[in-house]
Amino acid sequence: MSMKLVILGLLMEGDSHPYEMRQKMKERAMLNYIKMQEGSLYYAIDTLHKSGHVDAAEVISEAGRPDRTVYRITESGRDLFRGLLLEQFEDPKAVFHPMYAALMFARHGDQERIAGILEAKAEEQRCIVRHLQEIYEEHIPQVSRGVLYIMKGRLEHAETELRWMERLLADCRAGRLGERGSALD
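Residues numbered from 1 in each chain as written. Predicted model: local features only at pLDDT ≥ 70, side-chain atom pairs only at ≥ 80, totals over all residues. Heavy atoms only, no water.

### Quick look at the nonpolar core
Grouped together as the largest cluster of nonpolar side chains are 19 residues, with contacts concentrated most on I7, L8, L11, M21, M25 and L41. Elements with a minimum of two residues in this core: α1 (2–13), α2 (18–27), α3 (41–50), β2 (68–73) and α4 (75–90). Per-element accounting of this core gives the leading share, seven residues, to α1. In contact with M21, other than residues within four places in its own chain, are I7, L10, L11, S16, L41 and I45. (Core = buried A, V, L, I, M, F, W, Y, C linked by side-chain atoms within 4.5 Å. Buried < 20%, exposed > 50% of the residue type's maximum accessible area, 1.4 Å probe, protein only. Helix = DSSP H or I, 4+ residues; strand = E, 2+ residues; numbered from the N terminus. Contact = heavy atoms within 4.5 Å.)

The structure is reproduced here in structure tokens:
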């Protein structure tokens, strides 16, 4: 659903061909904030076109290059966009961390190896935090306030994840993952 919402949202801003849409997605660093497969762009556009939610506004022909179709959103596409938008806001899906299942049984594992993995993940998370901070600062003058909320929210989640991971790593190094009866620091 995210890809269709993104395509229709971009077309709400103006007619565009798929390459331009991909460029806007990259410029806005959408793949850092939205779970979607970039390769599904053309398939989603084709599906939207076949269902009448987008129309071909024009076909651009240049010598030596394949034709490029510029798409525009239709009225049914606007209706679909509004529905998808509200549906996305209402989506109650819980987020489950990929390490949760492993943490339940971490006390039975090799603590040194687990600590090494956690250290690598913490360093990776530090890089993600720096990258998201740069993206946020770079886009402040370029994007709407709604988009800044996405970027800032993702940054704050990444910072929280880093703090959680650093506490987890400290407990792992101290051999405390199997302890019971004490609250986390």
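This is not the end of the story, as more comes after the structure.
### Details of the packing of aromatic side chains
Counted according to the given criterion, the structure contains one aromatic pair. Look at Y100 and W164: their rings are 6.3 Å apart centre to centre, the planes differ by 75°, and that puts the pair in the edge-to-face class. Placement of the pair is Y100 in helix α5 (residues 100–103) and W164 in helix α7 (residues 145–173), with a sequence separation of 64 residues. Y100 sits in the partly exposed class, given a relative accessible area of 42%. Here the guanidinium or amino end of K152 rests over the ring plane of Y136, the centre of that ring lying 5.1 Å away. (Phe/Tyr/Trp six-rings, centres within 6.5 Å; stacked < 30°, edge-to-face > 60°. Lys NZ or Arg CZ within 6 Å of the ring centre and 35° of its normal.)

### Observations concerning the packing of α2 against α3
As a packed pair, α2 and α3 sit with axes 11 Å apart at the nearest point and diverge in direction by 125°. With respect to their mutual orientation, α2 and α3 come out oblique. Relative to α3, the crossing made by α2 is right-handed. Here α2 contributes P18, Y19, M21, R22 and M25 to the contact with α3, which in turn contributes L41, Y42 and I45. For the contact of α2 with α3, the per-class residue count stands at seven nonpolar, no polar and one charged. (Axes fitted to C-alpha atoms, helices over the stretch in contact; angles between N-to-C directions. Parallel < 35°, antiparallel > 145°, perpendicular 65-115°, else oblique. Left-handed = near helix turned anticlockwise from the far one by under 90°. Nonpolar A, V, L, I, M, F, W, Y, C, P; charged D, E, K, R; others polar.)

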